[in-house]
Amino acid sequence: MKPRWTVTLCLLAGLEGCADSPSVPEPTPAPAPSAADWIKAGDGSYTHKPSGAVCATSVQGFALKGLDLSATEGSLGICNYTDSAGHVAQIRVRHYLPGVGETALAIENDKKLMESSTDQNLSSAIRAGPGPAIDGQTSLRDVITVRRNDLLIDCAAWEKMSRSDGISPIMDFAINCLHMPGG
């Protein structure tokens, strides 16, 4: 940890006294994900104790493929899902990091959820748009983010872009994820 210090400005040219400028603390890095924060149930589902997020073994036709605890910035764990049609989904638990996010809209949504005033009680934020490539192809992604216990939980699903006008299950995943136990 870097030391904290204050800068003292001394007024010269016959002026008396010195003025201390307020110290500017450096942001505290978010803790790395901990396996101890995740409880695996007998059925293979996971619960994140601090947030209450539940990663069920299946959500709206998507099967849980595993829990990823890799230490990416702000991440406390990601439950990965897929379905038989090649759609991809995740339940992500993370710390709020001001100014950090996948897109400008993600950053704005996080800020609205985490920095809302007491007269404003936002429960979730929704965004849709381009997502990570699937098998090298462009994808469309839907994400619903909620704030719980001062943490953010993303219910995200994406699919390859297609010209089909059929009903897509990706928003169904996000909505069902949002309403799972603990939500």
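Given the structure is predicted, the values throughout are model-derived calculations rather than measurements.

1. What to know about helix α1 (residues 104-114)
Then, in step 1: Here α1 has its buried residues at A106, N109, D110, L113 and M114. Taken around the axis of α1, the buried residues stretch over an arc of 120°, which confines them to a single face.
Then, in step 2: Check the buried side of α1 and you find it contacts β9 (88-94), β10 (124-134), β11 (137-148) and β12 (151-160).

2. What to know about the side chain of S75
Then, in step 1: Note on placement: S75 falls in strand β8 (residues 75-82).
Then, in step 2: Judged by its relative accessible area of 7%, S75 falls in the buried class.
Then, in step 3: A polar contact of 3.3 Å, which involves the side chain of S75, links it to the backbone nitrogen of G77.
Then, in step 4: If we skip the residues at most four places from it in the chain, S75 touches P33, S70, V93 and R94.

3. Section: the pattern of salt bridges
Then, in step 1: Summed over all chains, the structure comprises nine salt bridges.
Then, in step 2: The salt bridge involving E102 is made with R92; its shortest N-O contact spans 3.2 Å. Here E102 is found in the loop between β9 and α1, whereas its partner R92 is found in strand β9, with ten residues between them in sequence.
Then, in step 3: The partly exposed category is assigned to E102, whose relative accessible area is 44%.
Then, in step 4: Owing to a relative accessible area of 8%, R92 belongs among the buried residues under this scheme.

4. A word on the state of the cysteines
Then, in step 1: Inspection of every chain in the model, using the stated rule, returns two disulfides.
Then, in step 2: Between C55 and C79 runs a disulfide, and the two sulfur atoms are separated by 2.1 Å. Because the torsion about its S-S bond is 90°, the bridge between C55 and C79 counts as right-handed. Of the two residues, C55 is situated in strand β5 (residues 54-55) and C79 in strand β8; the sequence distance between them amounts to 24 residues. An identical accessibility class is assigned to C55 and C79; each is buried.
Then, in step 3: Paired by a disulfide, C155 and C177 hold their sulfur atoms 2.0 Å apart. With the S-S bond torsion at -60°, the cross-link from C155 to C177 turns out left-handed. With C155 in strand β12 and C177 in helix α2 (residues 170-178), the pair connects residues that are 22 residues apart, well separated along the chain. We note that C155, like C177, is buried.

5. Focus on the sheet that holds β12
As a general point, the strands of a sheet are linked pairwise by backbone hydrogen bonds and lie either parallel or antiparallel.
Then, in step 1: Taken together, the seven strands give an open sheet; going across it, the order is β6-β7-β8-β9-β12-β11-β10, and neighbouring strands pair in antiparallel fashion. Strands with a single pairing partner mark the edges of an open sheet, and in this sheet they are β6 (58-59) and β10.
Then, in step 2: In the sheet, β10 pairs with β11 via nine bridges, with the strands oriented antiparallel. Looking across to β11, one finds that S124 is bridged to V146.
Then, in step 3: Running over the sheet, α1 touches β9, β10, β11 and β12 and is turned about 150° from β10.
Then, in step 4: Sitting on the sheet, α2 is in contact with β6, β7 (62-68), β8, β9, β10, β11 and β12, with an inclination near 15° to β11.

6. Things to note about the confidence of the model for the protein
Then, in step 1: With 75% of its residues at a pLDDT of 70 or more, the protein has an overall mean of 79.
Then, in step 2: Confidence drops under a pLDDT of 50 for residues 1-25, and excluding neighbours within four residues, the segment shows 15 contacts in the predicted structure.

Thresholds, definitions, all that
- Residue positions are given per chain, counted from 1 along the sequence in the order it is written.
- With the structure being a predicted model, the display of local features is reserved for residues of pLDDT at least 70 and the display and counting of side-chain atom pairs for 80 or more, all residues being used for whole-chain, interface and lining totals.
- The basis for the side-chain values is all heavy atoms of the structure; hydrogens and waters are excluded.
- Under the scheme applied here, a residue whose accessible area is under 20% of the maximum for its type counts as buried, over 50% as exposed, and between as partly exposed, the area being computed with a 1.4 Å probe on protein chains only.
- Every helix listed is a DSSP run of H or I at least four residues long, and every strand listed is a run of E at least two residues long, numbered separately from the N terminus.
- The arc refers to the directions leading from the helix axis to the C-beta atoms.
- Residues are treated as being in contact if the distance between any of their heavy atoms lies within 4.5 Å.
- Counting of polar contacts relies on pairs of N or O atoms within 3.5 Å, with two restrictions inside protein: one atom must be capable of donating a hydrogen and the other of accepting it, and residues adjacent in sequence are counted only when both atoms are side-chain atoms.
- Any Lys or Arg side-chain nitrogen found within 4 Å of a carboxyl oxygen on Asp or Glu counts as a salt bridge.
- In this description, the term disulfide denotes a pair of cysteine sulfurs within 2.5 Å.
- For two strands to be treated as a pair, DSSP must find no fewer than two bridges joining them.
- Axis lines are fitted through C-alpha atoms, for helices just across the contact stretch, and the angle between N-to-C directions can take any value from 0 to 180 degrees.
- pLDDT measures how confident the predictor is about each residue, on a scale from 0 to 100.

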